[in-house]
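Close look at the chain arrangement
The residues making up each chain are set out below.
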Amino acid sequence: MINLILFGPPGSGKGTQAAKLLERYNLLHISTGDLFRSEIGNGTELGLKAKSYMDKGELVPDEVTIGMLENKVEQNPDVKGYIFDGFPRTVPQAEALDKMLGGKQQAVSSLVALTVDDEELIQRLLNRGKTSGRSDDTNIDTIKNRIQVYKNNTTAVADYYNSKDKAVFVDGIGSIDEIFSRLCVEIDKVA
Ligand code: B4P
């Protein structure tokens, strides 16, 4: 079983790279951002709640996010492993993930972090905002807030796994294929 956390700031290429990685390693891709957008699209109560945070570039509260993630894992027990994309984003989420995997005699194999500077992140997200229809990608203040929230709340997750010798950092600047190759070098060490 291989359990990967694909990590990095908003716009660092997590979703883009996850789509390629799941094919190569045959893992189930779980993106909390995608799950929230699906709930929003279906007009559920959870979706309405999530939208109010996402539109401001804030994190959705841990109890909502952790419950949703655990449901998704429980619904898919017979897989070779998971790519967690956009989760965990806080230390309590990381602790909940470790506890859940521990209960299945499993563990996080590696946290692979994409590093990209703020200027490039803002440019990528504004570009995506022109076509994605995502309200959190069109407003520059919201984008800047997402990056700030990442620095304030989420980088601690990389420190948490680094202290367990499970974090690796990969340059997220370059072509999509170049970055994919860099990620595979790291993932092959734990796969
Ligand atoms: P996410 O859906 O996770 O959004 P993201 O971080 O912006 O996506 P990602 O980083 O995957 O974007 P990608 O690089 O693929 O989260 C959205 C919101 O949901 C959060 O702000 C939060 O409110 C909420 N949320 C989600 N998870 C949560 C959690 N665990 N706890 C609490 N709240 C949570 O793509 C960016 C753009 O860059 C694309 O247009 C892509 O084409 C482009 N790109 C990718 N690679 C490139 C490259 N190498 N060069 C140039 N451009 C590239």
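A brief structural summary. (Residues numbered from 1 in each chain as written. Predicted model: local features only at pLDDT ≥ 70, side-chain atom pairs only at ≥ 80, totals over all residues. Heavy atoms only, no water.)

Side note on the overall build of the protein chain
Per the secondary structure count, the protein chain includes 8 helices and 5 strands. Listed N to C, the secondary structure of the protein chain is β-α-β-α-α-α-β-α-β-α-α-β-α in terms of helices and strands. Taking 16 Å as the expected radius of gyration for a compact globule of 191 residues, we find that the protein chain reaches 16 Å, a close match to that expectation. Once the C-alpha set of the protein chain is aligned to its principal axes, its extents read approximately 40 × 40 × 30 Å. Counting only residues that meet the buried cut, the protein chain has 46% of its 191 residues in that class. Taking contacts inside the protein chain between residues at least 6 apart in sequence as the whole, the part at least 24 apart equals 74%. (Helix = DSSP H or I, 4+ residues; strand = E, 2+ residues; numbered from the N terminus. Rg over C-alpha atoms; globule rule 2.2 N^0.38 Å. Buried < 20%, exposed > 50% of the residue type's maximum accessible area, 1.4 Å probe, protein only. Contact = heavy atoms within 4.5 Å.)

A short note on the pattern of salt bridges
All told, the structure shown has 15 salt bridges when counted by the stated rule. Here K151 makes a salt bridge to D118, at a shortest N to O gap of 2.5 Å. Taken together, the positions of K151 in helix α7 (residues 140-162) and D118 in helix α6 (residues 118-132) put the pair 33 residues apart, joining distant regions of the chain. Taking the relative accessible area as the measure of exposure, K151 reaches 39% and is therefore partly exposed. (Salt bridge = Lys/Arg side-chain N within 4 Å of Asp/Glu carboxyl O.)

Description of the site of the ligand
Around the ligand there are 29 residues in total, and G13, T32, R37, E58 and R146 lie nearest to it. In this structure, S12 approaches the ligand through a main-chain N or O atom, which is 3.4 Å from an oxygen atom. Between the ligand and the protein, one listed contact pairs a nitrogen atom with a backbone N or O atom of G86 at 2.9 Å. Going through the elements one at a time, α1 (14-25), α2 (32-41), α6 and α8 (176-188) are the ones with two or more residues in the shell around the ligand. (Near = heavy atom within 4 Å. Polar contact = N/O pair within 3.5 Å; in protein donor to acceptor, adjacent residues only side chain to side chain.)

A look at the sheet that holds strand β5 (residues 167-171)
With parallel pairing, the 5 strands of this open sheet are ordered in space as β2-β3-β1-β4-β5. The outermost strands of the open sheet, each flanked by one partner alone, are β2 (28-31) and β5. Direction aside, neighbouring strands of the sheet carry axes that sit 20 degrees apart on average. Pairing between strand β1 (residues 2-7) and strand β4 (residues 110-115): 4 bridges, direction parallel. For I5, the partnering residue across the bridge sits in β4 and is L111. Contacts between α7 and the sheet are confined to β1, β4 and β5, with β1 contributing the most and set at about 145 degrees to the helix. (Pairing = 2+ DSSP bridges. Axes fitted to C-alpha atoms, helices over the stretch in contact; angles between N-to-C directions.)

Quick word on the packing of α1 against α8
Orientation of α1 relative to α8, taken along the N-to-C sense of each, is 50 degrees, at an axis distance of 10 Å. The pairing of α1 with α8 is recorded here as oblique in orientation. Between α1 and α8 lies a crossing of right-handed hand. Between α1 and α8, the contacting residues are T16, Q17, K20, L21, R24 and Y25 on the first element and I176, D177, I179, F180, L183, C184, I187 and D188 on the second. Within the contact of α1 with α8, the residues separate by chemical class into 8 nonpolar, 2 polar and 4 charged. (Parallel < 35°, antiparallel > 145°, perpendicular 65-115°, else oblique. Left-handed = near helix turned anticlockwise from the far one by under 90°. Nonpolar A, V, L, I, M, F, W, Y, C, P; charged D, E, K, R; others polar.)

Observations concerning the packing of α2 against helix α4 (residues 62-75)
At their nearest, the axes of α2 and α4 sit 11 Å apart, and the two run at 95 degrees to each other. Here α2 lies roughly perpendicular to α4, going by the angle between them. For the pair formed by α2 and α4, the contact residues are T32, L35 and F36 on the first element and V64, T65, M68, L69 and K72 on the second. Classifying every residue of the contact of α2 with α4 by side-chain character gives 5 nonpolar, 2 polar and 1 charged.

Focus: the nonpolar core
Counting residues in hydrophobic clusters, the biggest one holds 30 residues, and the most contacted among them are I5, F7, L69, F84, L97, L111 and Y161. For this core, the secondary-structure elements that each account for two or more residues are β1, α2, α3 (45-54), α4, β3 (81-85), α5 (91-102), β4 and α7. I5 has contacts with F84, F87, P88, L97, V108, S110, L111, V112 and Y161, leaving out every residue within four places of it along the chain. Judged by nonpolar contacts, the second largest core, of 16 residues, contains I2, L21, V170 and I187. (Core = buried A, V, L, I, M, F, W, Y, C linked by side-chain atoms within 4.5 Å.)

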